[in-house]
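The chain contents come next:
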Amino acid sequence: MAARALLKRAPKIFSYSLWAVVLFRMVCPVSFQWMFSLMPVSPKTIPEDIIYASQPQIHSGIRILDQAVNGSLPAGTPAASVNPIQIFLAIAAFIWMMGVVLLLICSLVSYLRFRHMLCQAVREEENIFSSDRITTAFVLGFFRPRIYLPLGLGSEERQYILCHEQVHIHRKDHWIKAASLLALFFHWFNPVLWFAYRLMCRDMEMSCDERVMDKMGTEIRKDYSGSLLSISMRRSGLSSPLAFGEKDVSGRIKNILRYKKPAFGVLLVILILVTALTVGLASNPLNTIPLSQQTGIPYHDVIWGETVKVVMPGKTNSYLLENDQDLEELSALISSLEVTRQPLSQNRDENRPWDFSLEFRRPPEVSVGNFTLYFTAGSVWGNDGVKPSLSYGLSDEETGRLLQALEGYIVRASGNGEHPGGYYVGFRQVVEGEEQPLIAGEDSQTGTLLASLLLSGMEAQEMVDKTPPVTSYLLIQMGEPETVYYVYQSEGKFYMEKAGEYRLEMTRETYDGILETYRSFAQAIEESSVE
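Attention here is on the structure that accompanies the text.

Basis of the calculations
- Residues numbered from 1 in each chain as written.
- Predicted model: local features only at pLDDT ≥ 70, side-chain atom pairs only at ≥ 80, totals over all residues.
- Heavy atoms only, no water.
- Helix = DSSP H or I, 4+ residues; strand = E, 2+ residues; numbered from the N terminus.
- Buried < 20%, exposed > 50% of the residue type's maximum accessible area, 1.4 Å probe, protein only.
- Contact = heavy atoms within 4.5 Å.
- Areas by Shrake-Rupley, 256 points an atom, 1.4 Å probe, with all protein chains shown as cover.
- Core = buried A, V, L, I, M, F, W, Y, C linked by side-chain atoms within 4.5 Å.
- Axes fitted to C-alpha atoms, helices over the stretch in contact; angles between N-to-C directions.
- Parallel < 35°, antiparallel > 145°, perpendicular 65-115°, else oblique.
- Nonpolar A, V, L, I, M, F, W, Y, C, P; charged D, E, K, R; others polar.
- Pairing = 2+ DSSP bridges.
- Polar contact = N/O pair within 3.5 Å; in protein donor to acceptor, adjacent residues only side chain to side chain.
- Salt bridge = Lys/Arg side-chain N within 4 Å of Asp/Glu carboxyl O.
- Phe/Tyr/Trp six-rings, centres within 6.5 Å; stacked < 30°, edge-to-face > 60°.
- Patch = residues over 30% accessible without salt bridge, like charges linked within 9 Å, V, L, I, M, F, W, Y side chains within 5 Å.
- Lys, Arg positive; Asp, Glu negative; His and termini not counted.
- Charge placed at Lys NZ, Arg CZ, Asp CG, Glu CD.
- Expected span 1.5 Å × (residues − 1).

Turning our eyes to something else, we now look at the overall build of the protein chain. Helices and strands together make up the secondary structure of the protein chain, namely 14 helices and 21 strands. Split into buried and exposed, the 531 residues of the protein chain put 44% on the buried side. Across the protein chain, every contact between residues at least 6 apart in sequence was considered, and the portion connecting residues at least 24 apart equals 62%. Working note: accessible area of the protein chain is about 28,800 Å², and carbon and sulfur atoms make up 57% of it.

Structure representation (structure tokens):
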């Protein structure tokens, strides 16, 4: 409606066309995302798990509305057999359905009443009929629309009215109005949409009036307005589909008297504005935002620390990252991770399962304590030591991007921090299914070189098999014996695969570099054993 106000002085065809966005929003549950979307609210106002939440909440994106609604929603009672919100939604759904059925029945009765009343209308031309039982002209019908005229019209008056109704038919307004009314029936509980429907009908009629003047000339203003006023004076009060004199007659006459077709340049500017408004209103805001902008995770914008502790359940070691350059790169990477705008649920359970965590340890002199981020398949949340945050969605691609970087940092961190010692590296070559002896040792320099080569792949692909799809490959163990990578060639391409997780395509140069690292390591192990 605010966008319509911007076009108050523009030809009404533009404001009429904008109502297509409202209809699209009413009937289509999904839309595309755009960074310049003008929609301020969340596309998922009501969470899917609201009936299971202990404290149901909505997330419309409008804080005042959220607070008002959330304060009135009944909280769940653990001892109860059913959540109060489930009872409320069941009753509301029944009332909504009864409302839709009642409106559909009333509309059908009204349509059949019209058809019965017009059964004795006289055909004048192909799709033009006249009747003494109506007081205004209108269009009736969907696939073969007919124009019905009252008796006693003058020749000029008849000409204006026919032109008006023919414009309606040409633009398929009878379909648009029927579709809008049907969509409105399913949203009957929303008073704003009833008001919007009235405004749409007004814009439809005014734009039709302007089109008539474009076709017949603006010199007909006075006579056309007179015809409109004359028809409105004798209207029956019976709501009809596309009636000539039924919608805001005084407003239409004022619009007719001041209408002037804009210059081409003005029309072009208005067209660009309407196009931008249409795309902006039809699109949703981006569903994801950088983690650095997600205020739902505490201390999200100060992801830094003197050191970072990496913990991965199932592995024997935790790792301490202390290198300043690594910490700076890790902070930038985490801040850029794309997470969902809205939380996945209202669950704040501290015992949620997680795949790996990053604890940002603060310097002793700062007042802010340590902060931990927990990652799992598809989500991330934080804990500042007081209470955990809500969980936010994180794609597998983003999680994989972080894991790949962490592996490189962990390789370089081996031998430092909480777990001193060398870095385990193992190689086993498999040729046509025949396994060669395992060559293993502790060498941080080789581990660092391998990490930089293994993580230089071009494109990640999810892998579920724990063995490579070829019979000849190089098996690499890094950090721990159970951390396994496969390097192989297949159909002229080169790949690095982490068992059961992902696969990276690499260049021939990277592939050759890994093989050369293997040969150098094997030679060093052989020489050390001889000595």
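Moving on: the nonpolar core. Considering soluble globular proteins, one finds that nonpolar side chains tend to be buried as a cluster. Of all hydrophobic cores here, the largest spans 30 residues; its most connected members are Val 310, Ile 334, Leu 358, Leu 373, Phe 375, Leu 402 and Leu 406. Elements with a minimum of two residues in this core: strand E7 (307-311), strand E8 (318-321), helix H11 (324-336), strand E10 (356-361), strand E11 (371-376), strand E13 (392-394) and helix H12 (396-413). Among the elements that line this core, the one with the most residues is H12, at six residues. Look past the residues within four positions of Leu 406 in its chain and what remains in contact with it is Val 310, Leu 321, Leu 330, Phe 356 and Leu 358. Met 478, Val 487, Tyr 511 and Tyr 518 belong to the second-largest nonpolar core, a separate cluster that totals 19 residues.

With that out of the way, let us pick up unusual backbone geometry. In this structure, Glu 432 takes a positive phi of about 50° despite not being glycine. One can find Glu 432 in the loop between strand E14 (424-431) and strand E15 (434-435). With a phi close to 55°, Glu 491 is a non-glycine residue in the positive phi region. Among the structural elements, Glu 491 can be located in the loop between strand E19 (484-490) and strand E20 (493-498). On the basis of relative accessibility, which here comes to 81%, the residue Glu 491 falls in the exposed class.

Glancing now at the packing of helix H6 (residues 173-186) against helix H7 (residues 191-216). One way to put it is that H6 packs onto H7 with a least axis distance of 11 Å and a crossing angle of 175°. Relative to H7, H6 is oriented roughly antiparallel. Counted together, Asp 173, Lys 177, Ser 180, Leu 181 and Leu 184 of H6 and Leu 193, Trp 194, Tyr 197, Met 200, Cys 201 and Met 204 of H7 form the full contact between these two elements. Each residue belonging to the contact of H6 with H7 can be placed in one class, and the counts come to eight nonpolar, one polar and two charged.

Pairing is antiparallel in the open sheet, where eight strands are placed in the order E6-E9-E13-E12-E11-E10-E7-E8. Pairing within the sheet leaves two strands with one partner each, and these edge strands are strand E6 (288-290) and E8. Along the sheet, successive strands turn relative to each other by an average axial angle of 30°, direction set aside. Where E11 and strand E12 (residues 379-383) come together, five bridges link them in antiparallel fashion. Counted as the bridge partner of Thr 376 is Ser 379 from E12. Lying on the sheet, H11 is in contact with E6, E7, E8, strand E9 (338-343), E10 and E11; it crosses E7 at an angle near 65°.

All right, on to the side chain of Ser 283 then. Mapped onto the secondary structure, Ser 283 falls in the loop between helix H10 (264-282) and E6. On the basis of relative accessibility, which here comes to 0%, the residue Ser 283 falls in the buried class. Only 3.3 Å separates the side chain of Ser 283 from the backbone oxygen of Gly 280, close enough to count as a polar contact.

Attention now moves to the pairing of E9. Bridge count for E6 against E9 is three bridges, and the pairing is antiparallel. Paired with Pro 290 across the strands is Glu 338, a residue of E9. Bridge count for E9 against E13 is two bridges, and the pairing is antiparallel. Paired with Pro 343 across the strands is Tyr 392, a residue of E13.

Next up on the list: the environment of Lys 215. Relative to the elements of secondary structure, Lys 215 occurs in helix H7. Separated by 52 residues in sequence, Lys 215 and Cys 163 place their C-alpha atoms 8.7 Å apart.

As enumerated under the stated definition, the model contains ten salt bridges in all. Across the pair Glu 125 and Arg 158 runs a salt bridge whose closest N-O atoms are separated by 4.0 Å. You can see Glu 125 sitting in the loop between strand E1 (122-123) and strand E2 (128-131) and its partner Arg 158 sitting in helix H5 (residues 155-170), a full 33 residues away along the chain. Overall, the relative accessible area of 22% leaves Arg 158 in the partly exposed class. A salt bridge links Glu 435 to Arg 428, with the shortest nitrogen-to-oxygen separation between them at 4.0 Å. Here Glu 435 falls in the exposed class, since its relative accessible area comes to 55%. Several salt bridges converge on common partners, so that one network encompasses Glu 124, Glu 125 and Arg 158.

Moving on, we come to the packing of aromatic side chains. This model, assessed by the stated rule, comprises 17 aromatic pairs. When the centroid spacing of 5.9 Å and the interplanar angle of 70° are considered together, the rings of Tyr 160 and Tyr 224 count as edge-to-face. Of this pair, Tyr 160 sits in helix H5 while Tyr 224 sits in helix H8 (residues 221-233), and the two are 64 residues apart along the sequence. Pair check on accessibility: Tyr 160 and Tyr 224 agree, each one buried.

With that settled, the discussion passes to a nonpolar patch on the surface. Residues Ile 87, Ile 91, Phe 94, Ile 95, Met 97, Met 98, Val 101, Ile 105 and Val 109 make up a contiguous nonpolar surface patch of roughly 840 Å² in combined accessible area. Residue placement: Ile 91 occurs in helix H4 (residues 84-117).

So, on to a positive patch on the surface. Taken together, the side chains of Lys 8, Arg 9, Lys 254 and Arg 258 define a basic patch exposed on the protein surface. Judged by its relative accessible area of 55%, Lys 254 falls in the exposed class.

For the rest of this paragraph, the subject is H4. Under the 1.5 Å per step criterion, the end-to-end length of H4 is 50 Å for 34 residues, consistent within 8% with the ideal 50 Å. Of all the residues in H4, the buried ones are Ile 85, Gly 99, Val 100, Phe 114 and Met 117. Along its buried surface, H4 packs onto strand E3 (138-140) and H6.

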